[in-house]
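Chain by chain, the residues run as shown.
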Number of protein chains: 2
Amino acid sequence: MSPQHPAHADTLPAGAPSSISISDVRPRLEGGRYPTRRISGEWLGVTASVLHPEPLEARAAALFRHEHDETWQLVPMKPHGDGLWAAAFQLYAPGRYFYTVEAWVDEFATWRERLRRAAMAGRDTEAELASGAAMLRAAAKSAKGAVRLALQKAAARLADRDLGMARIHTALDGELAEQMAEHGPRGQHTAYEQELVVLVERERAAYGSWYQFFPRSCGPDERTHGTLRDAEQRLDDIARMGFNTVLLSPVHPVGTTNRKGREGQGAARAGDPGSPWAIGSPEGGHTSIDPRLGTLEDFERFTAAAREKGLEVAMEIALHASPDHPWIAEHPGWFLRRADGSPQPVDHPRQAFTDIVAFDFCGAEWRALWAALRDVFLFWCARGVRCFRVDHPHAKPLAFWEWVLAEVRGKHPDAVFLAESFTTPRLQEALAKAGFSQMLTYFPWRNTKQELVEFFADLRSDQKSEYFRPNLFPTTPDVLPEYLQAGGRAAFLVRAFLAATLGDSWGVYSGFELGENEAIPGTEEYAHSEKFELRPRRGPQRQGIREFITRLNAVRRDHPALQPGGVLSFHRTDNGSVLFYSRRTLDLRDVLLFVVNLDPRSVEAAWLEVPIDELHIPEDDVYQVHDLLGDIRLHWQGRYAQLLLDPRTLPCHAFLLRRRVRSERDFDYFG
Amino acid sequence: MSPQHPAHADTLPAGAPSSISISDVRPRLEGGRYPTRRISGEWLGVTASVLHPEPLEARAAALFRHEHDETWQLVPMKPHGDGLWAAAFQLYAPGRYFYTVEAWVDEFATWRERLRRAAMAGRDTEAELASGAAMLRAAAKSAKGAVRLALQKAAARLADRDLGMARIHTALDGELAEQMAEHGPRGQHTAYEQELVVLVERERAAYGSWYQFFPRSCGPDERTHGTLRDAEQRLDDIARMGFNTVLLSPVHPVGTTNRKGREGQGAARAGDPGSPWAIGSPEGGHTSIDPRLGTLEDFERFTAAAREKGLEVAMEIALHASPDHPWIAEHPGWFLRRADGSPQPVDHPRQAFTDIVAFDFCGAEWRALWAALRDVFLFWCARGVRCFRVDHPHAKPLAFWEWVLAEVRGKHPDAVFLAESFTTPRLQEALAKAGFSQMLTYFPWRNTKQELVEFFADLRSDQKSEYFRPNLFPTTPDVLPEYLQAGGRAAFLVRAFLAATLGDSWGVYSGFELGENEAIPGTEEYAHSEKFELRPRRGPQRQGIREFITRLNAVRRDHPALQPGGVLSFHRTDNGSVLFYSRRTLDLRDVLLFVVNLDPRSVEAAWLEVPIDELHIPEDDVYQVHDLLGDIRLHWQGRYAQLLLDPRTLPCHAFLLRRRVRSERDFDYFG
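Residues numbered from 1 in each chain as written. Chains lettered and ligands numbered in written order. Predicted model: local features only at pLDDT ≥ 70, side-chain atom pairs only at ≥ 80, totals over all residues. Heavy atoms only, no water.

Asker: Give me the lowdown on the relation of the copies chain A and chain B, citing residues and values where you can.
Answerer: Two copies of the chain are present, and they differ by a rotation about an axis and a shift along that axis. For the pair chain A and chain B, the best superposition has an RMSD of 0.1 Å and corresponds to a rotation of 180° with a translation of 0.0 Å parallel to the axis. Such a turn and shift between the copies fits a two-fold axis. When C-alpha positions in chain A are compared against the rotation axis, the closest is assigned to Gly31(A), at 2.0 Å. The fraction of interface residues of chain A whose copies in chain B are also interface residues reaches 99%, indicating that both copies meet through the same surface. (Least-squares fit on C-alpha atoms with pLDDT ≥ 70 in both. Contact = heavy atoms within 4.5 Å.)

Asker: Any details on the sheet that holds strand E6 (residues 78-79) of chain B? Residues and values, ideally.
Answerer: Residues and elements named next belong to chain B. Read from one edge to the other, the open sheet built from 4 strands follows the order E1-E3-E7-E6, with strand pairing classed as antiparallel. The sheet terminates laterally at strand E1 (21-26) and E6, the two strands that pair on one side only. Sheet topology places E6 next to strand E7 (residues 84-90); 2 bridges connect them, and they run antiparallel. Residue proline 79 lies in a different strand from E7, and its bridge partner there is tryptophan 85. (Pairing = 2+ DSSP bridges. Helix = DSSP H or I, 4+ residues; strand = E, 2+ residues; numbered from the N terminus.)

Asker: Quick rundown of the interface of chain A and chain B? Include the residues and the values.
Answerer: Across the contact, 86 residues belong to chain A and 86 residues belong to chain B. For the pair chain A and chain B, the summed buried area comes to about 7,000 Å², and 56% of that belongs to carbon and sulfur atoms. Taken together, the connections running from chain A to chain B amount to 4 salt bridges. For the salt bridge of Arg33(B) with Glu193(A), the shortest nitrogen-to-oxygen distance reads 2.7 Å. At the level of elements, strand E1 (21-26), strand E3 (43-51), helix H1 (107-120), helix H2 (126-142), helix H9 (326-330), helix H10 (366-382), helix H11 (398-411) and helix H12 (425-434) of chain A are the ones that each hand at least two residues to the side of chain A that touches chain B. With 7 residues, H10(A) is the single largest residue contributor to the side of chain A that touches chain B. Residue composition of the side of chain A that touches chain B, by class: 35 nonpolar, 27 polar and 24 charged. (Buried area = accessible area lost by both parts, 1.4 Å probe. Salt bridge = Lys/Arg side-chain N within 4 Å of Asp/Glu carboxyl O. Nonpolar A, V, L, I, M, F, W, Y, C, P; charged D, E, K, R; others polar.)

Asker: Requested: an account of the pattern of salt bridges, with residues and values cited.
Answerer: Throughout the structure, instances matching the rule amount to 98 salt bridges over all chains. Close ionic contact of Asp298(B) with Arg229(B) constitutes a salt bridge, the shortest N to O distance being 3.5 Å. Taken as a pair, Asp298(B) in helix H8 (residues 296-308) and Arg229(B) in helix H6 (residues 228-232) lie far apart in primary sequence, 69 residues in all. For Asp298(B), a relative accessible area of 14% gives the class buried. With a relative accessible area of 43%, Arg229(B) lands in the partly exposed category. Taken together, the shared-partner salt bridges connect Arg37(A), Glu201(A), Arg409(A) and Arg469(A) into one network. (Buried < 20%, exposed > 50% of the residue type's maximum accessible area, 1.4 Å probe, protein only.)

Asker: Now, about the side chain of Gln428(A): what can you tell me, with residues and values included?
Answerer: Residues and elements named next belong to chain A. By the secondary structure assignment, glutamine 428 is in helix H12. Among the polar contacts listed, one links the side chain of glutamine 428 to the backbone oxygen of serine 421, at a separation of 2.9 Å. A distance of 3.4 Å separates a polar atom in the side chain of glutamine 428 from the backbone oxygen of leucine 440. When residues no more than four places from it in sequence are discounted, the contact partners of glutamine 428 are Ser421, Phe422, Thr423, Met439, Leu440, Thr441, Tyr442 and Phe468. (Polar contact = N/O pair within 3.5 Å; in protein donor to acceptor, adjacent residues only side chain to side chain.)

Asker: Outline the packing of aromatic side chains, supporting the account with residue identities and numerical values.
Answerer: Across all of its chains, the model carries 70 aromatic pairs over all chains by this definition. Ring plane angle 50° and centroid distance 4.8 Å describe the contact between Phe492(A) and Phe512(A), whose orientation is recorded as tilted. Of this pair, Phe492(A) sits in helix H14 (residues 482-502) while Phe512(A) sits in the loop between strand E20 (505-509) and helix H15 (546-558), placing them 20 residues apart in sequence. Residue classification places Phe492(A) among the buried positions, given a relative accessible area of 1%. Taken together through their ring pairs, the aromatic side chains of Trp327(A), Trp334(A), Phe335(A), Phe359(A), Phe361(A), Trp366(A), Trp370(A), Phe400(A), Trp401(A), Trp403(A) and Phe436(A) make up a single cluster. One residue, Lys464(B), lies across the ring of Phe468(B), its end atom 4.7 Å from the ring centre. (Phe/Tyr/Trp six-rings, centres within 6.5 Å; stacked < 30°, edge-to-face > 60°. Lys NZ or Arg CZ within 6 Å of the ring centre and 35° of its normal.)

Asker: An account of helix H1 (residues 107-120) of chain B is needed here, citing residue identities and associated values.
Answerer: Residues and elements named next belong to chain B. The end-to-end C-alpha separation of H1 is 20 Å, in line with the 20 Å expected for 14 residues at 1.5 Å each. Looking at H1, one finds that the buried residues are Phe108, Ala109, Thr110, Trp111, Arg112, Glu113, Arg114, Leu115, Arg117 and Ala118. Contact partners of the buried residues in H1: strand E4 (58-66), strand E8 (95-106), helix H2 (126-142), helix H3 (145-159), helix H4 (166-171) and helix H5 (174-183). Capping the start of H1 is the job of one residue whose side-chain oxygen sits 3.3 Å from the backbone nitrogen of phenylalanine 108: aspartate 106. Positive backbone phi, approximately 75°, marks glycine 122, located one or two places after H1. (Expected span 1.5 Å × (residues − 1).)

Asker: Let's hear about the packing of helix H14 (residues 482-502) of chain B against helix H15 (residues 546-558) of chain B: which residues, and what values?
Answerer: The description of two helices packed together rests on the angle between their axes and the distance between the axes. All names here are of chain B. Their axes nearest at 10 Å, the elements H14 and H15 cross at an angle of 15°. Compared by their axis directions, H14 and H15 come out roughly parallel. For the element pair H14 and H15, the recorded crossing hand is right-handed. The residues of H15 that touch H14, namely those facing Leu493, Ala496, Phe497, Ala500 and Thr501, are Phe548, Leu552 and Arg556. Within the contact of H14 with H15, the residues separate by chemical class into 6 nonpolar, 1 polar and 1 charged. (Axes fitted to C-alpha atoms, helices over the stretch in contact; angles between N-to-C directions. Parallel < 35°, antiparallel > 145°, perpendicular 65-115°, else oblique. Left-handed = near helix turned anticlockwise from the far one by under 90°.)

Asker: Tell me what's going on with the environment of Trp210(B), and back it up with residues and numbers.
Answerer: All names here are of chain B. By secondary structure assignment, the location of tryptophan 210 is in strand E11 (residues 208-213). Classification of tryptophan 210 by relative accessible area gives buried; the value is 0%. Along the primary structure tryptophan 210 and aspartate 69 are separated by 141 residues, whereas in three dimensions their C-alpha atoms are 34 Å apart.

Asker: I'd like to hear about the sheet that holds strand E7 (residues 84-90) of chain A, residue by residue, with values.
Answerer: Residues and elements named next belong to chain A. Taken in spatial order, the 4 strands line up as E1-E3-E7-E6 in an open sheet, and their pairing is antiparallel. Two strands lie at the open edges of the sheet, namely E1 and strand E6 (78-79), each paired on one side alone. Examined bridge by bridge, E1 and E3 share 4 bridges and lie antiparallel to one another. Within E3, the position partnered with serine 23 by the bridge is serine 49.

Asker: Can you explain the confidence of the model for chain A? Please cite residues and give values.
Answerer: All names here are of chain A. Within chain A, residue pLDDT values average 94, and 96% of them lie at 70 or more. pLDDT under 50 marks residues 1-9. Its contacts with residues more than four places away, or in other chains, come to 25 contacts. Interface confidence in the predicted complex, given as ipTM, is 0.92; pTM for the same model is 0.93. (pLDDT = per-residue confidence, 0-100.)

Asker: With reference to specific residues and values, describe the packing of H11(A) against H12(A).
Answerer: Residue and element names in this part refer to chain A. At a minimum axis distance of 9 Å, the contact between H11 and H12 shows a crossing angle of 25°. Regarding the angle of H11 to H12, the classification is roughly parallel. In this structure, the crossing between H11 and H12 has a hand that is right-handed. Here Leu398, Trp401, Glu402 and Leu405 of H11 come into contact with H12, specifically with Leu427, Ala430, Leu431 and Ala434.

Below you can see the structure in the form of structure tokens.
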């Protein structure tokens, strides 16, 4: 009658099966292949499908632990309907956390619901009551004190037939349910198949104001190579503008073979300093300081001086070599070679990098090479550096980055890596997934209203925001966009405003504050580029837009809405050149409204549609908006407001919203 | 100078690294945890991110193999920009196929591009030409005949300095590039980390017309239990209506303990046949035939008779037992028990299943139980059944289904499983992912235009259509929706029309063709439900909507647009009660336009917006639409057409589109 074939044990689940299935735990990047990203202090919200036959009462918990902690923390999850469960927990220490989900059957609650239904349907409940009494008796044994007594008493009542229907009330008692959730039997325990990873970094990975400059340009004149001691003199000005990170061009010895001349054209003439990206000379390579800049001691003195002024030093790391790099002779197998044995110049489809040669990342000696390159990072970490801008990471294997970033973080969880990677979108995303803390982006080429809205919609999408952190630089030593070449002072105000208020991280490259906008015609290359010559900016000190930048950085520092977690929304205007957006904290305690005229050449008027519903401002309330840049205060009422934006004076406003409290003279900060 | 720490070998990749990274291979359900689904003959399009430093020329291929085939088939992928590569291949045999992606560097093509750029930039190319000549010489050794000679000749030319720039032309020759793609060196071979699975089923898994009935109702009168021999007499009528699958109610011995009476109310009286879902009596269990229906031989005779008429038999499998099931005594450990030792009735939050008891799927004896339940399927497979409707799978563990469906398919890859699972959306989706071929859906409760459009947008979404196949039944023995209770004949026409033209699989439950619509008031339960009494439908033969159903099934059979792969789009009308949609083959050779008045009580007029752009019909062309149900032919011109839909006659049209070819008399099938 009944089939008696033995079970195919090899295909059956290994452990005891469960009626509960846990699936689709999120966040989960590419099936858990890459870690989710957070910064210290942020919360991780975890959701899962916890599915089971309906009459079961399931419980679920999120579990997490820091990689250096053996003990799992357990956070109860709550059901949100249709099998979706959720929990959230806060992450403190930089490093990797593991997280997963577990679930089990609350046997007593399951029984309780079954009893309730049977009682309501008028079915016989004797057998069920006996089951319940047995469960209570067993639980009492593991409980103590008053709870133990309560469980024993309930068990006795359930077994007492004389009590009739009163037993049902005892069984369904709420307090009893809570006691049994803790002490009662848990059945069919099951765990999600994967332990997922969230990589936690310190705040600077997501939030910072960067200032990039060439220390060698800090000398007294354009014929005298500046030193790190000279560069120390720049720090006060940078700190005054409110930046918190100084990014140096490469500080290593510069090669002479194929050294490029001024404007990157032709061979260098005597006195041309060469590109600092042509790393390596008989004087040393990636772990040496260019003697023209000073010594390792000078470098350490510089970083200490910066630290004293509240500035962190970020280094540029460029993993290629000048043909004069000591490794060329010491480790010939570390370089790509042509048939004639000569090292192969760095190959790029659109640029000629004749003064640098490429490492052979996948050659026979890759293990030694990878270890040596890791040790470059570790060398500078040992000298107190924890911030790195990485040159052209898209020109090296993703597998190398995934390995080396994890290696450095294993020893220094506070290391921060900015990728300078103007490559295709998919490769840029892959670099972020591989572990870069933050990314340069296409921001320099996003200038129109539609471009900007689409760009930030993509960056802030649920999927991308789990791993991709932008750092918005309006210019870099390689990129002076046409908008800035042609737009005069207003263009510089607009781009600084956008970068500082749309990005949690932003930065400027030296000269931006002075409105330097001269390009080699028809290109985005700076004329007289600092990459190939010294550009001292001493002379008669120009003010430029220093004051504006200083205010922007102050607003960023003072307002949590402009820090990680601040929500960005774009709002409607009737003018295609006027961009209107807000940032706010989730609790609406800090709300800022930003308006900017993107056209640096014409005065624009616009009607703004203020998101009063989102902000819980009643339609007929008057509210104050206070421009933190121009110090203007306006009183608005209702949904629509009109503004005139004049690029000759101030093309943008950063309005702090203040809600009317009692009278027109008595405004208080919103919230 | 150079750091000399040994590499941390334990953290380095195991094999040789590659500059190419393969990620995000799609389709991939929950990170590859569940298989993608196809039917025999369908194509699988595979995409992947294949990322690498820009100057490399990569090649990628999709690999696939049937589980019973050792050899991987290789399909070259094509780049679609931004690192997205794609390939497609056709799947024939039912069973599991594995698929993955591999990539490598085409060293010659990489070199060729580098040479081209160097030549265009006017740089010295001698070293590069020497590299190329070496590659050509090496490749010539592995080539034969004319190709070998060609490669040798090209190598010689590249080495001949006297030829000057002519060598560049030789190097960049297109034919040479093709020869070297095959014979030249492949570097840095890399494979995607996962082998993904696509489960291929035969066509019936996705495409079929089902007719469900109770064999026991086929007797001569309502007091005489019908037999399988009686049921044979129904087959001609079912085949004539164009169905291709007959689904039987459970055919096993029915228990007597707690047997339900008529209308499912109270205890059975003498002569009440009991619910056929109360499986098991002293006469046998899940592998026996109810003696009142006949014998196993009768069953095999029935399936043979059906097969002769082009009908496949589908069985109902319900994995629970009557308290009289032989296993209760033979395997007491296979059942959930209460404290008093009595088997626990099937527990459901809203229904009282007092006549059936539940298996203990996760109890101590789960291994033996699971094996026995698998063997139930295998028992019927051995009697020629390959189609199963599974009762309430959501009341059993997902892990069990994932295992048992794979087990049965391992022996019978042509087995098809329909889940009867009116549960929450997430659990329904999880059952589909666990392996059910097709699903009953919420279709019976989707009646308005908006409900229907949203419902099919969800079903046909990119994500869900990879694993979830609906089978649209307007009614089931458990569900007579209010729309049909109240809407008269027109309601039955409308629901049949929607199910047959919106679903690749559809089905009706016996009596639908007769417009049976009497419910227990205030419920969706049939009055005089066949679940609890015999319902012979002989008497004076009523025609009902047989002719309409026959035409629908004929249209489904004749038109590829209504078969898997046929594209569904909804189109605009100006009437909220009129639904307008099309189905078409990708090549537009077969295009049907469907219009239906969803209100069974009122005549509705509507303007339709015909998707002439999608269909490549010029704005000023006249085209013919031929109603395959009512045999009406209309001539339309341009984008808008008006129709009147009368529920008293025909509330719907299935228009075949015919394009005007030469004159108004000379229409040809569209395409």
